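Coordinate inspection notes
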Amino acid sequence: MRSYPRTFLLVSHDRHFLNNAVEHILHIDRGKLVLYRGNYDSFEAERRANMTRQTAMAQRQDAARKHLEAFVARFRAKASKASQAQSRLKMLAKMEPISAALEDPTVIFKLPDPEELAPPIITLDGVSVGYQPGKPVLRKLDLRIDMEDRIAFLGANGNGKSTLAKMLAGELAVQGGKLFKAGKLRIGYFAQDQEDVLDPARTPIEHLQDLLPNLPPMQVRARLGGFGLTQSKAETPSGKLSGGERARLLFAMVTHHKPHLLILDEPTNHLDIDTRDALVQALNEYSGAVLLVSHDRHLAEACVDRFWLVADGSVTPFDGTLDDYAKLLADRRKGVKEAAREAAGEPLSKTDRKADRRNAAEARRALAPLRKAVKDAESHHAKLSAERMMLDAQLADPETYTKLSPAKVAELQKRHGELQKRIEDQEEAWMAAEAALEQAQAADAA
Ligand SMILES: Nc1ncnc2c1ncn2[C@@H]1O[C@H](COP(=O)(O)OP(=O)(O)O)[C@@H](O)[C@H]1O
Ligand SMILES: [Mg+2]
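Every chain's residues receive numbers from 1 upward, in the order its sequence appears when written. Lettering of chains starts at A and numbering of ligands starts at 1, both following the order in which they are written. In keeping with the predicted nature of the model, local features appear solely for residues at pLDDT of at least 70, side-chain atom pairs appear and are counted solely at 80 or more, and the whole-chain, interface and lining totals rest on all residues. To get the side-chain values, all heavy atoms of the structure are used, and hydrogens and water are removed first.

**Regarding the sheet that holds strand β10 (residues 306-311)**
To keep things clear, this is the line we draw: DSSP bridges decide pairing: two strands pair if at least two such bridges lie between them. Counting from the N terminus, the helices are DSSP H or I runs at least four residues long and the strands are E runs at least two residues long. Simply put, an axis is a line fit to the C-alpha atoms, just over the touching stretch for a helix, and the angle between two N-to-C directions goes from 0 to 180 degrees.
The sheet built from six strands is open, its strands ordered β7-β8-β9-β5-β10-β11 with mixed pairing. The two strands at the open ends of the sheet, each matched to only one other strand, are β7 (187-190) and β11 (314-318). Looking at each pair of strands side by side, their axes are set apart by 20 degrees on average, direction ignored.

Below is the structure:
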């Protein structure tokens with residue numbers, strides 16, 4: 001696009017693409033058009049700067065950022081390598097889109113929290129699954145899911161991610177092995193083609209009332225309101241809603257029975273950037289388990305703490321980050337190239353390479369529990385921070401004090417104080433975990 005010599009207009013939700021392709025952003029917001037010079041990131045930065053000047057809420061978010069920056073500074077001073085502070089800086093960078101989502105209250109949504117179930121909620125014991133008898137797509141699955149799990153499926157298209165999702169959702173029978181589900185388990189399943197369940201002629205109220213025939217219409221409206229679909233949108237035929245509004249309706253429908261487990265198969269395909277950020281927040285506050293298939297790296301990094309690799313006809317836990325996964329794919333490609341070179345008569349020392357790989361694999365295994373501890377501490381911290389940000393916003397809103405009873409407001413303030421304390425404790429724990437990992441890595445390198 002950049003080499004195209006004439007003018008073009010582009011509509012896209014891909015932040016990365018926009019940042020690299022365009023020179024201006026035309027912001028369409030509540031019936032107004034405003035032109036910003038620059039790419040998406042600079043648009044967002046400028047818009048946020050405006051907001052900071054305008055609202056107390058944005059100022060409070062700024063304070064939260066400063067708090068995290070102070071943490072980074074402290075962390076830098078303690079760690080022997082400045083590179084350790086890098087991941088915190090990345091987290092700071094990630095906070096920005098979240099604050100942008102908060103600017104528009106209509107995109108915020110809240111997933112209903114289920115009651116607790118005893119773990120595990122699902123176990124698979126030697127399960128195989130597929131579409132034709134004798135030809136399983138996935139075999140020998142030994143997996144377990146607990147209620148606090150946040151797991152993303154990795155793997156190339158066609159490897160069986162959707163097949164696994166469908167089977168866990170109960171829409172595809174197992175061909176062999178044992179699949180156990182907790183007795184009271186409710187599952188919300190957002191299929192890859194979930195859009196198809198909507199009838200363009202029918203309204204959000206009609207769609208949700210179908211699923212909840214016994215719920216009074218007022219409460220159906222209230223539920224839609226919780227997903228940002230207010231009065232007029234709730235009565236608009238779904239075919240005339242925007243992609244983001246339809247997606248919010250789909251989330252309201254998929255979670256209508258307060259699921260303990262949410263299975264999301266590429267849920268962001270029709271979501272705009274603000275709604276994607278709102279989804280990140282909603283998932284981080286949701287108390288059930290989440291299984292996610294997504295090509296949106298931002299989404300996966302912000303709300304998932306474990307990965308399952310779907311490849312070669314089976315599923316294995318992947319200990320590592322998305323960066324590690326990208327490296328693994330790059331290494332595999334390199335492996336293929338080396339093999340080609342070897343075939344062309346340039347032999348490489350095979351034994352050396354094998355030993356290298358073996359050593360690297362052993363080191364990765366040894367470090368995995370420490371890495372997981374860091375990851376857990378980090379995601380716990382992110383969850384607490386997200387909750388505090390929501391509380392900040394609520395406490396900054398004048399309506400809170402008119403709508404809620406003084407007792408309820410006092411309760412919110414108390415919760416805010418508790419959160420503050422827990423976040424500080426969590427930071428200490430996080431720092432300790434990071435230090436332990438760093439020590440092990442240093443010992444490993446020696
Ligand atoms: N309804 C179906 N009937 C038969 N084969 C299918 C069906 N759906 C998917 N498959 C096959 O199962 C394999 C895994 O597909 P899928 O689970 O959709 O992969 P992914 O979601 O990872 O892209 C593919 O080989 C695909 O062709
Ligand atoms: Mg798929």
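**Quick notes on the coordination of the magnesium ion (ligand 2)**
Under the convention used in this document: Coordinating N, O and S atoms are those within 2.8 Å of the metal (3.2 Å for Na, K and Ca), and as water is not part of the atoms, a site may appear to have fewer donors than expected. Working definition: with a 1.4 Å probe on protein chains only, accessible area under 20% of the residue-type maximum means buried, over 50% means exposed, and in between means partly exposed.
Here the magnesium ion (ligand 2) is held by Ser-162 (OG) and Gln-192 (OE1), and the distances to it run 2.1 to 2.5 Å. Remark: Gln-192 occurs in the loop between β7 and α6 (204-211) and Ser-162 occurs in helix α5 (residues 161-168); sequence separation between them is 30 residues. Residue Gln-192 is classed as partly exposed on the basis of its relative accessible area, which comes to 43%.

**Some remarks on the packing of α6 against helix α7 (residues 217-226)**
We count it as follows: By the definition adopted for this analysis, an angle is roughly parallel if under 35 degrees, roughly antiparallel if over 145, roughly perpendicular if from 65 to 115, and oblique otherwise. Left-handed describes a crossing whose near helix is turned anticlockwise from the far helix through less than a right angle; right-handed describes the clockwise counterpart. A contact between two residues is defined here by any heavy atoms of the two lying within 4.5 Å. Each residue is assigned to one of three groups, with Ala, Val, Leu, Ile, Met, Phe, Trp, Tyr, Cys and Pro labelled nonpolar, Asp, Glu, Lys and Arg labelled charged, and all others, Gly among them, labelled polar.
Relative to each other, α6 and α7 sit at 115 degrees, their axes nearing to 10 Å. The angle between α6 and α7 places the two elements in the roughly perpendicular class. By crossing handedness, the relation of α6 to α7 is classed as right-handed. Contacts between α6 and α7 involve Pro-204, Ile-205, Leu-208 and Gln-209 from the former and Pro-217, Val-220, Arg-221, Arg-223 and Leu-224 from the latter. Each residue belonging to the contact of α6 with α7 can be placed in one class, and the counts come to six nonpolar, one polar and two charged.

**With respect to the environment of Met-390**
Tracing the backbone shows Met-390 in helix α13 (residues 350-396). Assessed through its relative accessible area of 24%, Met-390 is described here as partly exposed.

Purely geometric numbers; function is a separate question.
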